[in-house]
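If you want the building blocks of each chain, they are given just below.
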Amino acid sequence: PRLFDAIACEALPRIGEFNSRHLATTASAFAKAGIKAPRLFDAIAEAALPRLDEFNAQELSNTAWAFVTAGVAAPRLFDAIGNEALQRIDEFNSQ
């Protein structure tokens, strides 16, 4: 957990510099490790919301998965991801 704490501390002030891949990967890594980082997830959601059109289908999926897996309630983000995914449904494939 100390490593993830250090990563969160370093990431928070720089989250605005993250691209879509960085946002999705960071959220996924914390979720997969089972690390609770509510401030980081809130910051990721806020940074992602206005830029979801920059996310590819995999990044949209990974971001949604990460928030659900981490148990983070982010209704605005979920709604926005859903809307974005519907507009680009042809980009998604089954894995």
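Here the structure is shown first, and the text comes after it.
It should be emphasised that the depicted structure is a prediction, and the values quoted were computed from it without experimental measurement. (Residues numbered from 1 in each chain as written. Predicted model: local features only at pLDDT ≥ 70, side-chain atom pairs only at ≥ 80, totals over all residues. Heavy atoms only, no water.)

### Some points on helix α2 (residues 20-33)
Next up, step 1: Helix length check: α2, at 14 residues, gives a terminal C-alpha distance of 20 Å against a target of 20 Å (1.5 Å per residue), a fit within 8%.
Next up, step 2: Those residues of α2 lying buried are Ser20, Leu23, Ala24, Thr26, Ala27, Ser28, Phe30 and Ala31.
Next up, step 3: Contacts made by the buried residues of α2 are with α1 (2-11), α3 (38-48) and α4 (57-70).
Next up, step 4: The N-cap residue of α2 is Asn19: its side-chain oxygen and the backbone nitrogen of Arg21 are 3.0 Å apart.
Next up, step 5: Of the residues one or two after α2, Gly34 is the one with positive phi, at around 70°. (Helix = DSSP H or I, 4+ residues; strand = E, 2+ residues; numbered from the N terminus. Expected span 1.5 Å × (residues − 1). Buried < 20%, exposed > 50% of the residue type's maximum accessible area, 1.4 Å probe, protein only. Contact = heavy atoms within 4.5 Å. Polar contact = N/O pair within 3.5 Å; in protein donor to acceptor, adjacent residues only side chain to side chain.)

### What about α4?
Spacing of three or four residues puts side chains on the same side of an α-helix, whose turn is 3.6 residues.
Next up, step 1: Taking 1.5 Å per residue as the helical rise, α4 with its 14 residues ought to reach 20 Å, and the 20 Å between its terminal C-alpha atoms agrees with that figure.
Next up, step 2: Of all the residues in α4, the buried ones are Ala57, Glu59, Leu60, Thr63, Ala66, Phe67 and Ala70.
Next up, step 3: Where α4 is buried, its residues contact α2, α3 and α5 (75-87).
Next up, step 4: If you check the start of α4, you find a side-chain oxygen 3.0 Å away from the backbone N of Gln58, and it comes from Asn56.
Next up, step 5: Of the residues one or two after α4, Gly71 is the one with positive phi, at around 70°.

### A word on the pattern of salt bridges
Next up, step 1: On inspection of all chains with the given rule, the structure shows 5 salt bridges.
Next up, step 2: Glu10 serves as the salt-bridge partner of Arg14, at 2.8 Å between the closest nitrogen and oxygen.
Next up, step 3: The class of Arg14 is partly exposed, set by a relative accessible area of 39%.
Next up, step 4: Salt bridges here are not isolated pairs; linked through shared partners, they connect Glu84, Arg88 and Glu91. (Salt bridge = Lys/Arg side-chain N within 4 Å of Asp/Glu carboxyl O.)

### Thoughts on the nonpolar core
Next up, step 1: Ranked by internal contacts, the top residues of the largest apolar core, which has 30 residues, are Ile15, Leu23, Leu40, Phe41, Leu52, Phe67 and Leu77.
Next up, step 2: When contributions to this core are tallied by element, the ones reaching two or more residues are α1, α2, α3, α4 and α5.
Next up, step 3: Broken down by element, the residue count for this core peaks at 7 residues, all from α3.
Next up, step 4: Those residues in contact with Phe41 that lie beyond four places of it in its chain are Ala27, Phe30, Ala31, Ile35, Ala66, Phe67, Ala70 and Val72. (Core = buried A, V, L, I, M, F, W, Y, C linked by side-chain atoms within 4.5 Å.)

### Points about the packing of α2 against α4
Next up, step 1: Remark: α2 packs on α4, axes separated minimally by 8 Å, with the N-to-C direction vectors making an angle of 30°. Relative to α4, the element α2 lies roughly parallel. For α2 against α4, the interelement crossing comes out left-handed. In contact with Ser20, Arg21, Ala24, Ala27, Ser28, Ala31 and Lys32 of α2, α4 contributes Glu59, Asn62, Thr63, Trp65, Ala66, Phe67, Thr69 and Ala70.
Next up, step 2: Tallied by class, the residues present in the contact of α2 with α4 amount to 7 nonpolar, 5 polar and 3 charged. (Axes fitted to C-alpha atoms, helices over the stretch in contact; angles between N-to-C directions. Parallel < 35°, antiparallel > 145°, perpendicular 65-115°, else oblique. Left-handed = near helix turned anticlockwise from the far one by under 90°. Nonpolar A, V, L, I, M, F, W, Y, C, P; charged D, E, K, R; others polar.)

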